[in-house]
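# Report on the structure
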Amino acid sequence: MTSEPGNGRTLLEIADLVTPMTIRVAATLGIADHITAGLQTAEQLAAETDTDADALNRVLLHLVGAGILTKDGTGRYGLTGVGEQLRMDDRLHLNGGSGRPPWLDMKTAIGRAELSFVRLLDTVRTGEVAYHRHYGTTFWQDLSDESSWDDELYALAAQQIVFDGDKVAKAYDWGALGDVVDVGGGDGTLLVTLLRAHPGLRGTLVDRAAARASQTIREAGLDDRAQTIVGSFFDLLPRGAGGYILSRVQSDWCDADVRTILGRCAEAAGPGGKVFVVDEFATDEQAQADTATDLRMLVYFGGRERTRAQVRDLAGEAGLSEESIIRVGEWTIMKLTVC
Ligand SMILES: C[S@@+](CC[C@H](N)C(=O)[O-])C[C@H]1O[C@@H](n2cnc3c(N)ncnc32)[C@H](O)[C@@H]1O
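In this report, the structure presented in the accompanying data block is examined. What you see is a predicted model; the values in this text were computed from it and never measured.

## Comments concerning the packing of aromatic side chains
This model, assessed by the stated rule, comprises 13 aromatic pairs. Consider the rings of Tyr 131 and Tyr 135, whose centres lie 4.7 Å apart with planes at 55 degrees: the pair is tilted. Taken as a pair, Tyr 131 and Tyr 135 lie in helix α9 (residues 130–135) at a separation of four residues, close to a single helical turn. When its relative accessible area of 1% is taken as the criterion, Tyr 131 is described as buried. Using a relative accessible area of 22% as the deciding quantity, one classes Tyr 135 as partly exposed. Ring plane angle 70 degrees and centroid distance 5.4 Å describe the contact between Phe 233 and Phe 234, whose orientation is recorded as edge-to-face. An aromatic cluster of at least three residues, connected via ring pairs, comprises Tyr 131, Tyr 135, Phe 139, Trp 140, Tyr 300 and Phe 301. Positioned above the aromatic ring of Tyr 135, the side-chain terminus of Arg 112 is 3.7 Å from the ring centre.

Here it is in structure tokens:
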């Protein structure tokens, strides 16, 4: 049975901005956690969150109508089943946690990035990145100015690697490369996973912020086999390594930037050198289906969800040819050789 597009909701219901914004306000203020802790009237919640009691109460009333909160005859708010999902969960959302996705909180890096959707029309009109238009700076620059956001992103990224990194490590004889450069390596989780699985391997991680990766490496006791470099993958990369890994970076960038980044890897690897793009590529069907992620990449970064063929074509333009493909669950290791 095919469901009617829009699931029977009216256009106004689908286009509503009020409910999404009130949910985000409640998430940002931690309303569900305060309710669970016993602060249940609008006055108590306003005092706890340092907000205006009247305005907050009106937000909460809307959330009652939206089926997120309940309100009893004494003016006490409670959580519905859906409202329970607004509670902070120690486990992050991606890790199967049932609590609120961190990006509903407007104080988080991604929650803040979500707000740049109000500039989508500008992006459509001009091609300019909505985030930049909205905040006057790039997502990555903002991160550099607010280091706690780095921690949040690293935690999200590392979670997925904790799940799949071992499989990536086992799927290829990384040790035979001698040494690798993990380009845009994040918090170092993948590099450490590879080094643990391949005792002969050495690694260098290059990222715009590398303090967290240094800590990961130190805590893993791998200082003698790994180093970090603070640097940009738009600049020269360390030359002559056995392999260059680009894990989950490409979708954050537009085609021209991906060409440049891959070109930097190819240049550093030298003729015959190896570059590995490790990613969850979209299938043709997904590329059409996961339009929300694709639009997020567009709005936050000017990036896009890409199929393997699209990345292979960009690699070709950067002087790299596809040598082989290894599928590891949802992940793909695309092995490229410098032409
Ligand atoms: C989505 S994360 C991927 C991290 C890691 N490779 C992984 O698979 O989890 C993208 C990474 O690119 C880094 N990055 C962004 N701009 C960069 C730049 N110009 N040069 C180097 N790294 C950059 C970010 O700091 C972040 O660690």
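Right, picking up where we left off after that structure.
## A few points about unusual backbone geometry
Most of the time, phi is negative for any residue but glycine, and the peptide bond is trans. For Asp 50, which is not glycine, the phi torsion reads 55 degrees and is therefore positive. Among the residues examined, Asp 50 registers a relative accessible area of 72% and is labelled exposed. In this structure, Arg 248 is a non-glycine residue whose phi angle is positive, near 55 degrees. Relative to the helices and strands, Arg 248 resides in the loop between β6 (243–247) and α14 (255–269). With relative accessibility at 18%, the residue Arg 248 sits in the buried group.

## Quick look at the pairing of strand β7 (residues 274–279)
On a regular strand, each side chain points to the face opposite its neighbour's, so the side chains alternate between the two faces of the sheet. Counting buried residues in β7 gives five out of six residues, a clear majority hidden from the surface. In this structure, β6 lies alongside β7, joined through four bridges in parallel fashion. Paired with Ser 247 across the strands is Val 278, a residue of β7. Each parallel crossover has a hand, and the one from β6 via α14 to β7 is right-handed.

## Some remarks on the nonpolar core
Judged by nonpolar contacts, the single largest core of 28 residues is most densely connected at Val 183, Tyr 244, Leu 262, Val 275, Leu 320 and Leu 336. Sorting the residues of this core by element identifies β3 (179–183), β6, α14, β7, α17 (308–317) and β9 (331–338) as the ones contributing at least two each. Core analysis: the second largest hydrophobic core is formed by 24 residues, Val 168, Leu 191, Leu 205 and Phe 276 among them.

## What to know about the packing of helix α4 (residues 42–49) against helix α5 (residues 53–65)
Look at α4 against α5: their axes get within 9 Å of each other, and the N-to-C directions meet at 115 degrees. Our pair here, α4 against α5, has a crossing hand that is right-handed. Only Ala 53, Leu 56, Asn 57 and Leu 60 of α5 make contact with α4, whose side of the interface consists of Ala 42, Leu 45, Ala 46 and Thr 49. By residue class, the composition of the contact of α4 with α5 is six nonpolar, two polar and no charged.

## A word on the sheet that holds β3
The strand order across the open sheet formed by seven strands is β5-β4-β3-β6-β7-β9-β8, and the pairing between neighbours is mixed. In this open sheet, the two edge strands, each paired with only one partner strand, are β5 (226–230) and β8 (320–328). Averaged over all neighbouring strand pairs, the angle between strand axes comes to 20 degrees, with direction disregarded. Running over the sheet, α14 touches β3, β6, β7, β8 and β9 and is turned about 145 degrees from β7.

Calculation notes
- Residues numbered from 1 in each chain as written.
- Predicted model: local features only at pLDDT ≥ 70, side-chain atom pairs only at ≥ 80, totals over all residues.
- Heavy atoms only, no water.
- Phe/Tyr/Trp six-rings, centres within 6.5 Å; stacked < 30°, edge-to-face > 60°.
- Helix = DSSP H or I, 4+ residues; strand = E, 2+ residues; numbered from the N terminus.
- Buried < 20%, exposed > 50% of the residue type's maximum accessible area, 1.4 Å probe, protein only.
- Lys NZ or Arg CZ within 6 Å of the ring centre and 35° of its normal.
- Pairing = 2+ DSSP bridges.
- Right-handed = clockwise from strand over helix to strand, strands pointing away.
- Core = buried A, V, L, I, M, F, W, Y, C linked by side-chain atoms within 4.5 Å.
- Axes fitted to C-alpha atoms, helices over the stretch in contact; angles between N-to-C directions.
- Left-handed = near helix turned anticlockwise from the far one by under 90°.
- Contact = heavy atoms within 4.5 Å.
- Nonpolar A, V, L, I, M, F, W, Y, C, P; charged D, E, K, R; others polar.

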